[in-house]
Amino acid sequence: MKIIDDLYQYDLRMLLWCSRTQHAALHCRLAKSISRTGDGYLQLCLPLLILVLDQQQGDEFFSYAALAFALQMPLYWILKNCLQRQRPPEAIPTFESIIIAHDKFSFPSGHSAAAFLLANLTFIFYGSIAWPLFVWATLVAMSRVALGVHYPTDIIAGALLGSATAFVICY
């Protein structure tokens, strides 16, 4: 299919452009640090913190977060293992990622899905106070491309999956 081939070529060009400066020491450290913040700790700690601090909506926020992640994680796993898109280092013979990913396939990005789920859920409950979480989620997603473990469409799909899950659960 020409559309799929064109999309893949664009995705490949964007990956290579984003990771072009991957060997600059500061860039590597920054991308690794940002990526680590998306490993799941904030997705657990923020709902727990809100549960403790917000007497009015904390219980509801925590319940919705637990339900949303309980839905998003299996959807992510099913998509990733059914579609089986190879990660950039496996698909591009001359490409090396900065880190080794924890699983084999790249589409969709789990870091992006979880980060955008948390940002959207917080926005639904607390409004504009959540904007820093959207900045954080975007940086987490972009760091995954910069580290060479995802293509740009992987992080877009992850962001859409996480966002859609938050809205489906809450509305």
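The structure presented is a predicted model; accordingly, all values stated were derived computationally and were not measured.

J.: Could you give an account of the pattern of salt bridges, with specific residues and numbers?
T.: Applying the stated criterion to the full structure yields three salt bridges. Across the salt bridge formed by Arg85 and Asp154, the nearest N and O atoms sit 2.9 Å from each other. Remark: Asp154 occurs in helix α8 (residues 152-170) and Arg85 occurs in the loop between α4 (58-83) and α5 (88-91); sequence separation between them is 69 residues. Arg87 serves as the salt-bridge partner of Asp103, at 2.3 Å between the closest nitrogen and oxygen. Here Asp103 is found in the loop between α5 and α6 (110-126), whereas its partner Arg87 is found in the loop between α4 and α5, with 16 residues between them in sequence. On the accessibility criterion, Asp103 (30% relative accessible area) is partly exposed. The exposure class of Arg87 is buried, given its relative accessible area of 5%.

J.: Can you break down the nonpolar core residue by residue, with the values?
T.: By size, the foremost hydrophobic cluster in this structure holds 32 residues, and its most contacted members are Leu121 and Trp136. Where this core is concerned, the elements lending two or more residues are α1 (2-18), α3 (41-53), α4, α6, α7 (131-146) and α8. Here the element with the most residues in this core is α6; it accounts for eight residues. Not counting chain neighbours up to four residues away, the residues in contact with Trp136 comprise Thr37, Gly38, Leu42, Gln43, Ala115 and Leu118.

J.: Describe in detail α6, supporting the description with residues and values.
T.: Three or four residues apart is the spacing at which side chains of an α-helix point the same way, because the helix has 3.6 residues per turn. Taking 1.5 Å per residue as the helical rise, α6 with its 17 residues ought to reach 24 Å, and the 24 Å between its terminal C-alpha atoms agrees with that figure. For α6, the tally of buried residues reaches 14 of 17 residues, placing the bulk of the element in the interior. Phi for Gly127, located one or two positions after α6, is positive at around 70°.

J.: Please set out unusual backbone geometry residue by residue, giving values where relevant.
T.: Excluding glycine, most residues fall at negative phi; most peptide bonds, likewise, are trans. A cis amide bond links Phe107 with the next residue in sequence, Pro108, at an omega value of 0°. Within the secondary structure, Pro108 is located in the loop between α5 and α6. Phi at Gln84 is positive, roughly 50°, even though this residue is not glycine. In this fold, Gln84 is placed in the loop between α4 and α5. On the accessibility criterion, Gln84 (45% relative accessible area) is partly exposed.

J.: Describe in detail the packing of aromatic side chains, supporting the description with residues and values.
T.: Tallying each qualifying case throughout the model produces eight aromatic pairs. With a centroid separation of 5.7 Å and an interplanar angle of 20°, the aromatic rings of Phe167 and Tyr171 are classed as stacked. What makes Phe167 partly exposed here is its relative accessible area of 35%.

J.: Describe a nonpolar patch on the surface, listing the residues and the values that go with them.
T.: Residues Leu49, Val52 and Leu53 make up a contiguous nonpolar surface patch of roughly 320 Å² in combined accessible area. Relative to the helices and strands, Leu49 is located in helix α3. Taking relative accessible area as the criterion, Leu49 reaches 45% and is therefore assigned partly exposed.

J.: Describe the packing of α4 against α8, naming the residues involved and giving the relevant values.
T.: Where α4 meets α8, the closest approach of the two axes is 9 Å, and the angle between their N-to-C directions is 135°. When the axes of α4 and α8 are compared, the pair comes out oblique. Our pair here, α4 against α8, has a crossing hand that is right-handed. Contact with α4, carried on its side by Tyr64, Leu67, Ala68, Leu71, Gln72, Leu75, Tyr76 and Leu79, involves Leu161, Thr165, Ile169 and Cys170 of α8 and no other residues of that element.

Reading the values: the criteria
Residues numbered from 1 in each chain as written. Predicted model: local features only at pLDDT ≥ 70, side-chain atom pairs only at ≥ 80, totals over all residues. Heavy atoms only, no water. Salt bridge = Lys/Arg side-chain N within 4 Å of Asp/Glu carboxyl O. Helix = DSSP H or I, 4+ residues; strand = E, 2+ residues; numbered from the N terminus. Buried < 20%, exposed > 50% of the residue type's maximum accessible area, 1.4 Å probe, protein only. Core = buried A, V, L, I, M, F, W, Y, C linked by side-chain atoms within 4.5 Å. Contact = heavy atoms within 4.5 Å. Expected span 1.5 Å × (residues − 1). Phe/Tyr/Trp six-rings, centres within 6.5 Å; stacked < 30°, edge-to-face > 60°. Patch = residues over 30% accessible without salt bridge, like charges linked within 9 Å, V, L, I, M, F, W, Y side chains within 5 Å. Areas by Shrake-Rupley, 256 points an atom, 1.4 Å probe, with all protein chains shown as cover. Axes fitted to C-alpha atoms, helices over the stretch in contact; angles between N-to-C directions. Parallel < 35°, antiparallel > 145°, perpendicular 65-115°, else oblique. Left-handed = near helix turned anticlockwise from the far one by under 90°.

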